[in-house]
Amino acid sequence: MIDLRILRNQPELARQAQRRRGESPELVDEILAQDEARRTTIAHFEKLRAEQKAMGKEVATAHGDDKAQLLATTRELSTQVKEAEVAQIRAEQALAAAMTRLPNLAAPEAPAGGEDDYVVLEHVGEPRDFAAEGFDPLDHVELGKRLGAIDIERGAKVSGARFYYLTGVGADLELALVNMAMDQARGAGFTTMIAPSLVRPRAMEGTGFLGQAAGDVYHLPADDYYLVGTSEVALAAYHSDEILDADSLPRRYVAFSPCYRREAGSYGKDTRGIWRVHWFDKVEMFTYTTLEDSYAEHERMLSWEKEWLDSLELAYRVIDTAAGDLGLSAARKFDCEAWIPTRGGYGELTSTSNCTEFQTRRLNIRGRFADGVKPLATLNGTLVAIPRTIVAILETHQMADGSVRVPEALQPYLQGRTSLDPIR
RNA sequence: GGAGGUGUCGCAUAGUGGCCUAGUGCGCCCGCCUGCUAAGCGGGUUGAGGUUAAUCCCUCUCGCGGGUUCAAAUCCCGCCACCUCCGCCA
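A short tour of the structure in this document, coming up.

**Focus: the overall build of chain A**
Then, number 1: Helices and strands together make up the secondary structure of chain A, namely 13 helices and 18 strands.
Then, number 2: Counting over 424 residues, chain A shows a buried share of 50%.
Then, number 3: Considering only contacts in chain A between residues 6 or more positions apart, those separated by 24 or more positions represent 73%.
Then, number 4: Put simply, chain A shows about 19500 Å² of open surface, and 51% of that area lies on carbon and sulfur atoms.
Then, number 5: Of the side chains in chain A, 49 bear a positive and 65 a negative charge, and the two mean positions are spaced by 4 Å.

This is the structure:
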């Protein structure tokens, strides 16, 4: 949800933001028209309602013929008030519906265009040169089999395509990564959380996942619950309808949760292995802060993600996502893409978005400041999405003999193991 | 799953159809008083929207949504949350 005042006062700014996303600037004008209509109906209703209330007082004290007279007119007025109220509610709903379709205003810094129009901000680390080392790297599917870490066949047998079991060291690896990520985040001042992964429509809608991403979301119609695609949903809705004291900001939460994604429209894409799956576990960072601080917090989020990838000794690049690839709620997004040897390219491991006031306006989350009550800003950032991180670690740190070197920082979390060794 | 109860301002409470413009206490804020502090005294203290240059003013907001009525915190219905008990259960 965007501040209506921005749309009223600087409509061209909003139109431009839409164009840079490759979306309709006309939506802005449609909203402004709805807003105009809404305000007209409000004025009409309030005038009648004030009149009704005034007459109501007279009725209370009137007697006999006077009272009968008043009741006649006030009865008529009552129906008018009801009609005016219905008109007002309709106009407000129409405006709200139009507003819901409007994505967050893309930041001026976000590159214009679609998925492929990202800007590379930096490269960190060197992709490993297997040719120079004299062997061909195996992909994570093969490595996972040999280590007894990933069982894709049985995942498919039990749950279908894009499911898997993590077994033995694979499962150990997940627990190690989760604990290590939680330690890093806790050290940075985050409050650790275990959040629900089943939420009501309000939480889903409020975080912006029932817009263009709705097809990617699992819905349980019998109970009208949604399975979250990220714990961002539960963390954003955590403070819904609350007013947070300014001196409690920034509030930083880090949550572990399973994530569920239908991956609609990705048929035939990344079908091999566990790169793209319907369910995975993730540790996600989430911050509530002021709009003014959100830009610096976004940089901090990114730096925490980089610290994480550095500690896993992965080579990666950071991209500034283009406006058209931001999703409904983000104003700006940075992705960290790790080098995946057998893909021969970079793949997204983490992502951090500044959603500015978009989610807090929808979820009614505000802060109490010296100069009044104002919406807050929210940011989210991946620390570790398990399957993709496992893919990157296995493929990057594999040795010629089929074993996998454990990065030093991870060793304490893996019972001190320095390598994962094939079991067959 | 069944039965019963509760939901009012930051907190605690009053309020069973019009005198509620929601009272009172606590907390908080601003004054006054006062060697200092405390006490005392006076005033203020939900949020949203409309209108406005701003103030004033107006409307909505008593868990949420409907309904009855000229008029709803108050009566009726549905939903949600919490509490107690019964049943089932990791």
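**Overview of the sheet that holds strand S6 (residues 218-220)**
Then, number 1: What the three strands build is an open sheet, ordered S5-S7-S6; its pairing is antiparallel. Pairing within the sheet leaves two strands with one partner each, and these edge strands are strand S5 (198-199) and S6.
Then, number 2: Of the strand pairs in this sheet, S6 and strand S7 (residues 225-227) are connected by three bridges, and their pairing is antiparallel. From the neighbouring strand, tyrosine 218 faces S7, where its bridge partner is leucine 227.

**Points about the protein's contact with RNA strand B**
Then, number 1: Near RNA strand B, the surroundings consist of 21 residues, among which Arg49, Lys53, Arg75, Arg200 and Arg366 are the closest.
Then, number 2: For RNA strand B, the fraction of atoms within 4 Å of the protein that belong to sugar or phosphate moieties is 71%.
Then, number 3: At 2.9 Å, a side-chain N or O of arginine 366 approaches a sugar or linking oxygen of RNA strand B.
Then, number 4: Between arginine 368 and RNA strand B, the recorded distance is 2.9 Å, taken from a side-chain N or O atom to a phosphate oxygen.
Then, number 5: Of all the secondary-structure elements, those providing two or more residues to the surface near RNA strand B are helix H3 (26-61), helix H4 (64-101) and strand S14 (366-369).
Then, number 6: The element that contributes the greatest number of residues to the surface near RNA strand B is H3, accounting for twelve residues.
Then, number 7: Along the lines of polarity and charge, the residues of the surface near RNA strand B split into seven nonpolar, four polar and ten charged.

**Thoughts on the sheet that holds S14**
Then, number 1: Pairing within the open sheet is mixed, and its three strands lie in the order S8-S14-S15. At either end of the open sheet lies a strand with only one pairing partner, and these are strand S8 (243-245) and strand S15 (372-375). When the angles between neighbouring strand axes are averaged without regard to direction, this sheet yields 35°.
Then, number 2: Where S14 lies against S15, four bridges are found, and the strand directions are antiparallel. Each bridged residue has a counterpart across the sheet, and for arginine 368 the counterpart in S15 is valine 373.

**With respect to helix H11 (residues 291-311)**
Then, number 1: Helix length check: H11, at 21 residues, gives a terminal C-alpha distance of 30 Å against a target of 30 Å (1.5 Å per residue), a fit within 8%.
Then, number 2: Along H11, the helix axis deviates most sharply at glutamate 297, where the bend reaches about 25°.
Then, number 3: Where H11 ends, the next residue or the one after it, glutamate 313, has phi of about 60°, a positive value.

**Things to note about the nonpolar core**
Then, number 1: Residues Leu177, Val283, Trp308, Ile390, Leu394, Leu410 and Leu420 are the most contacted members of the largest nonpolar core, which totals 55 residues.
Then, number 2: Of the residues forming this core, the biggest block, nine residues, is contributed by helix H8 (residues 169-187).
Then, number 3: If you look at the next biggest cluster of nonpolar residues, it comprises 23 residues, including Met193, Val217, Leu249 and Tyr253.

**Looking at the pairing of strand S9 (residues 251-260)**
Across a regular strand the side chains alternate sides, sitting on one face of the sheet and then on the other.
Then, number 1: Where burial is concerned, most of S9 is hidden: eight out of the ten residues are buried.
Then, number 2: Bridging between S9 and strand S10 (residues 279-289) involves ten bridges; their strand directions are antiparallel. Residue pairing for S10: valine 254 is matched across the bridge by methionine 285.

**Overview of helix H13 (residues 386-396)**
Then, number 1: In terms of burial, H13 is a largely internal element, eleven of the eleven residues being buried.
Then, number 2: The complete set of buried residues in H13 reads Ile386, Pro387, Arg388, Thr389, Ile390, Val391, Ala392, Ile393, Leu394, Glu395 and Thr396.

What counts and how
Residues numbered from 1 in each chain as written. Chains lettered and ligands numbered in written order. Predicted model: local features only at pLDDT ≥ 70, side-chain atom pairs only at ≥ 80, totals over all residues. Heavy atoms only, no water. Helix = DSSP H or I, 4+ residues; strand = E, 2+ residues; numbered from the N terminus. Buried < 20%, exposed > 50% of the residue type's maximum accessible area, 1.4 Å probe, protein only. Contact = heavy atoms within 4.5 Å. Areas by Shrake-Rupley, 256 points an atom, 1.4 Å probe, with all protein chains shown as cover. Lys, Arg positive; Asp, Glu negative; His and termini not counted. Charge placed at Lys NZ, Arg CZ, Asp CG, Glu CD. Pairing = 2+ DSSP bridges. Near = heavy atom within 4 Å. Polar contact = N/O pair within 3.5 Å; in protein donor to acceptor, adjacent residues only side chain to side chain. Nonpolar A, V, L, I, M, F, W, Y, C, P; charged D, E, K, R; others polar. Axes fitted to C-alpha atoms, helices over the stretch in contact; angles between N-to-C directions. Expected span 1.5 Å × (residues − 1). Bend = angle between axes of the 7 residues up to and from the residue. Core = buried A, V, L, I, M, F, W, Y, C linked by side-chain atoms within 4.5 Å.

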